[in-house]
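# A structural walkthrough
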Amino acid sequence: MISCLHTSRNRYERIIIWHFQQQKTIAEIAQLAGCSQRSIYKILTLHQDFGHARNPFARRRGKPRILNQQDLSFITSILDANPSLFLDEIQEQLARIGLTLYMDGKTIRYIRAYTIARY
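In short, a report on the structure. (Residues numbered from 1 in each chain as written. Predicted model: local features only at pLDDT ≥ 70, side-chain atom pairs only at ≥ 80, totals over all residues. Heavy atoms only, no water.)

Turning our eyes to something else, we now look at the packing of aromatic side chains. Using the criterion set out here, one finds one aromatic pair in the structure. Pairing Phe 50 with Phe 57 gives two aromatic rings, centres 5.9 Å apart and planes at 65°, and the pair type is edge-to-face. A relative accessible area of 29% places Phe 50 in the partly exposed class. A relative accessible area of 69% means that Phe 57 is categorised as exposed. (Phe/Tyr/Trp six-rings, centres within 6.5 Å; stacked < 30°, edge-to-face > 60°. Buried < 20%, exposed > 50% of the residue type's maximum accessible area, 1.4 Å probe, protein only.)

Glancing now at the environment of Glu 28. Note on placement: Glu 28 falls in helix H2 (residues 26-33). Using a relative accessible area of 40% as the deciding quantity, one classes Glu 28 as partly exposed. Put simply, Glu 28 and Trp 18 are ten residues apart on the chain and 8.8 Å apart in space, counted from C-alpha to C-alpha. (Helix = DSSP H or I, 4+ residues; strand = E, 2+ residues; numbered from the N terminus.)

Turning our attention to the nonpolar core. In this structure, Ile 15, Trp 18, Ile 29, Ala 33, Ile 40, Ile 43 and Leu 44 are the most contacted members of the largest nonpolar core, which totals 13 residues. Listed by contribution, the elements that provide at least two residues to this core are helix H1 (9-21), H2 and helix H3 (37-50). For Ile 40, the residues in contact, after removing those within four places along its chain, are Ile 15, Ile 26, Ile 29, Ala 30, Ala 33 and Cys 35. (Core = buried A, V, L, I, M, F, W, Y, C linked by side-chain atoms within 4.5 Å. Contact = heavy atoms within 4.5 Å.)

Written out as structure tokens, the structure is:
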């Protein structure tokens with residue numbers, strides 16, 4: 001089984017419902033959620049302590065986001081207009097509006113996935 005502490009809000013809500021409303025056992029919930037029993041106990045403890053399955057006092061993990069929603073929308077509109085642009089051409093367009101942004105292939109894949117998911 002895998003840990004599911006870093007998972008969607010929807011899964012957390014289902015775990016809470018399975019436990020408190022449907023009275024399922026920890027083993028059953030772990031099976032349904034596809035994660036370890038230890039993770040289920042941790043999620044239930046956080047829910048009991050804070051009223052939801054995330055610790056509001058925990059530090060954010062990873063780097064802060066470089067792109068805000070407006071930047072993402074602008075880059076998406078550039079790609080919508082010309083889907084075959086290369087990375088350096090996108091960066092040139094961003095430089096024209098005064099935004100210097102280093103983007104690697106992972107960032108572009110994220111933007112393309114975001115663009116596809118919108119439609």
